[in-house]
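Fold and contact review
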Amino acid sequence: MGMTDEVDTKSQPVQAEPKSFFIPFSLPSLKDKEVADMDCAEVPDEMESQKKRHLNVVFIGHVDAGKSTTGGQILFLSGQVDDRTIQKYEKEAKDKSRESWYMAYIMDTNEEERVKGKTVEVGRAQFETETTRFTILDAPGHKSYVPNMISGASQADIGVLVISARKGEFETGYERGGQTREHVQLAKTLGVSKLLVVVNKMDDHTVNWSKERYDEIESKIVPFLRSSGYNVKKDVQFLPISGLVGTNMKTRVDKNICPWWNGPCLFEALDSVEVPVRDPKGSYRMPIIDKFKDMGTVVMGKVESGSICEGDSLLVMPNKAPVKVLAVYCDEDKVRRAGPGENLRVRLSGIEEEDISSGFVLSSVVKPIPTVTEFTAQLQILELLENAIFTAGYKAVLHIHSVVEECEIVELLQQIDPKTKKPMKKKVLFVKNGAVVVCRIQVNSLICVEKFSDFPQLGRFTLRTEGKTIAVGKVTDLPSRSSA
Ligand code: GTP
Ligand code: MG
């Protein structure tokens, strides 16, 4: 079972990194001064509440659905890209015979992406609404880059599922083998708890803001979202937009264009999404997605639990390497403290950049993340490769938070009856598509995982073979000697 076509998951943000990050941090900002002599735990909570909440939004969906275009349009509408830059992109896109891609060029910043008109690496950008600071993660839709999409989705709190309403495009994206389904299932497994489904390209001449087309798409997707585990009433919201023209995005669509839409525009919908409150006092967990050298060792990742503060002593797991936090950067700003949900860069002392891999976890010393070479999991088999059977000895690539490792199913323990959700009595030797099964999974080197019931974000995973997601699962048990 070859795994060679797995694409490199190192998803370096394509959006130019905030330059202020490289400004030496010898000049503390006013905010630093105010709290300079306070202990991390004593930093008053009002400071937190004055701040806008922060949400990571991943844009997912089939290739060419308009994710980068919509992301680019958001940046344009929120005043971060001026007309001159847009004109420059229009010219560049035209020169590459990709006229209509100029908005996508805001997010697709490297040459390969611009020439081919396809996102490869996860683009990253920031914008703000009345209530919220957003980090946009623009995932690639092409099936070859699913590992990059997984890395983007694993950093996200909510998802914007972009669907093209253009004749034929919705159909292709939604078919078996299209990325609409795969992305939804992956997003759910990776902890993306809410979805905004934007039905895009409503301006296209095959659509023309047709209510029938919109309703058709909504009615086809709803049952699928339900079967993927989304509570459609509570966790999903649909809306029509044109990412290219910018319609129903910052302001509601004009009744002359779309008389039947009475719902919110995209910015309003994003503004009002509620996400579960996170516990800033939990044990610190930050899966590392990338690292580099810059006056010490800098690691990047999203805080899944707990808070971090300059001066903290932490461990880099699974190696149990003790480190000290020299500085914490959130977006462009150096901050003294950061809580769960934030995407950070953390400068560390006590460790060399070479000794860190993506998949490692920056972790609290008191209660470090468990490290294992084996765990028990409940899996749902999605779609096996043709002729493959799922049995002991099956090999796949495990994606759990930022870990990517080859793994082997060593034992099938029980099959779960999908109707009663109870284990079936019969001994299970192999299972087929659609089955839910409890099994033991082994990897070659130590990895950091949590039980799903303790830390959902660090206890859910996907299995892929030959570039296809074949199963999604959650960790149900760890060997007793696993805790670090
Ligand atoms: P990948 O990154 O390759 O997955 O694609 P993507 O989802 O980012 O799509 P992208 O934004 O690159 O757009 C693909 C094509 O669809 C481009 O030609 C866009 O101009 C076009 N497009 C995107 N949004 C709209 C829209 O609202 N209306 C119309 N008419 N075309 C659109
Ligand atoms: Mg794109």
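Remember, it's a predicted structure, so these values are computed and weren't measured experimentally.

Side note on the pairing of strand 18 (residues 395-400)
For strand 18, the buried fraction is high: five of the six residues fall into the buried class. Of the strand pairs in this sheet, strand 18 and strand 19 (residues 403-416) are connected by six bridges, and their pairing is antiparallel. Looking at strand 19, one finds that I400 is bridged to V403. Hairpin connection of strand 18 to strand 19: two residues between the antiparallel strands, including H401 at a positive phi of 35 degrees. The pairing of strand 18 with strand 22 (residues 460-465) spans four bridges and is classified as antiparallel. Bridge pairing links H399 to T462 in strand 22.

Side note on the sheet that holds strand 18
Within the closed barrel, the six strands sit side by side as 16-21-19-18-22-23. Their pairing is antiparallel. Pairs of neighbouring strands in the sheet enclose a mean axial angle of 45 degrees, with direction left out of account. Relative to the sheet, helix 6 (residues 146-153) contacts strand 18, strand 22 and strand 23 (468-477), its axis offset from that of strand 22 by approximately 175 degrees.

Details of helix 9 (residues 211-227)
Along its 17 residues, helix 9 runs 25 Å from first to last C-alpha, staying within 8% of the 24 Å computed at 1.5 Å per residue. Restricting attention to buried positions, one finds in helix 9 the residues R213, Y214, I217, I221, V222, F224 and L225. Of the surrounding secondary structure, the elements contacted by the buried residues of helix 9 are strand 4 (158-164), helix 7 (169-174), helix 8 (179-189), strand 5 (194-200), helix 10 (232-235) and strand 6 (236-240). At the N-terminal end of helix 9, a side-chain oxygen is found 3.2 Å from the backbone nitrogen of E212, two or three residues along, and the residue is S210. Within two residues after helix 9, G229 carries a phi angle of roughly 105 degrees, on the positive side.

So, the environment of E310
When you line up the elements, E310 lands in the loop between strand 9 (308-309) and strand 10 (313-317). Separated by 37 residues in the primary sequence, E310 and R347 place their C-alpha atoms 9.3 Å from one another. Residues in contact with E310, not counting those within four places in the same chain, are V325, L326, A327, V328, K334, V335 and R336.

Details of helix 3 (residues 67-77)
Most of helix 3 sits out of view: nine of its 11 residues are buried. Looking at helix 3, one finds that the buried residues are K67, S68, T69, T70, G71, G72, Q73, I74 and L75. Residues of helix 3 that are buried make contact with strand 1 (53-60), strand 2 (123-128), strand 3 (132-138), strand 4, strand 5 and helix 11 (266-272). One or two residues past the end of helix 3 sits G79, with phi positive at roughly 80 degrees.

Let's talk about the coordination of the magnesium ion (ligand 2)
Within the first shell, the magnesium ion (ligand 2) binds the protein through S68 (OG) and T119 (OG1), at distances of 2.0 Å. Residue S68 is found in helix 3, and its partner T119 is found in the loop between helix 5 (111-116) and strand 2; the two are separated by 51 residues along the sequence. On the basis of relative accessibility, which here comes to 8%, the residue T119 falls in the buried class.

Here we look at the site of ligand 1
By nearness alone, 22 residues border ligand 1, and K67, T69, S100, T119 and D203 come closest of all. At a separation of 2.9 Å, an oxygen atom of ligand 1 approaches a polar backbone atom of G66. L244 is positioned with one of its backbone polar atoms (N or O) 3.1 Å from an oxygen atom of ligand 1. Protein coverage of the free-state accessible area of ligand 1, which is 650 Å², stands at 96%. Here the residues of the shell around ligand 1 sort into six nonpolar, 10 polar and six charged.

Quick word on the sheet that holds strand 6
With respect to topology, six strands assemble into an open sheet ordered 2-3-1-4-5-6, the strand pairing being mixed. Two strands bound the open sheet, and with one partner strand each, they are strand 2 and strand 6. Here the strands of the sheet are splayed against their neighbours by 25 degrees on average, with no regard to which way each runs. For strand 5 and strand 6, the ladder comprises five bridges, and the chain directions are parallel. Note on strand 6: the bridge partner recorded for V199 is P240.

About the cut-offs
Residues numbered from 1 in each chain as written. Chains lettered and ligands numbered in written order. Predicted model: local features only at pLDDT ≥ 70, side-chain atom pairs only at ≥ 80, totals over all residues. Heavy atoms only, no water. Buried < 20%, exposed > 50% of the residue type's maximum accessible area, 1.4 Å probe, protein only. Helix = DSSP H or I, 4+ residues; strand = E, 2+ residues; numbered from the N terminus. Pairing = 2+ DSSP bridges. Axes fitted to C-alpha atoms, helices over the stretch in contact; angles between N-to-C directions. Contact = heavy atoms within 4.5 Å. Expected span 1.5 Å × (residues − 1). Polar contact = N/O pair within 3.5 Å; in protein donor to acceptor, adjacent residues only side chain to side chain. Donors = N, O, S within 2.8 Å, 3.2 Å for Na, K, Ca; no water. Near = heavy atom within 4 Å. Areas by Shrake-Rupley, 256 points an atom, 1.4 Å probe, with all protein chains shown as cover. Nonpolar A, V, L, I, M, F, W, Y, C, P; charged D, E, K, R; others polar.

Take it as geometry only, folks, not as evidence of what the structure does.
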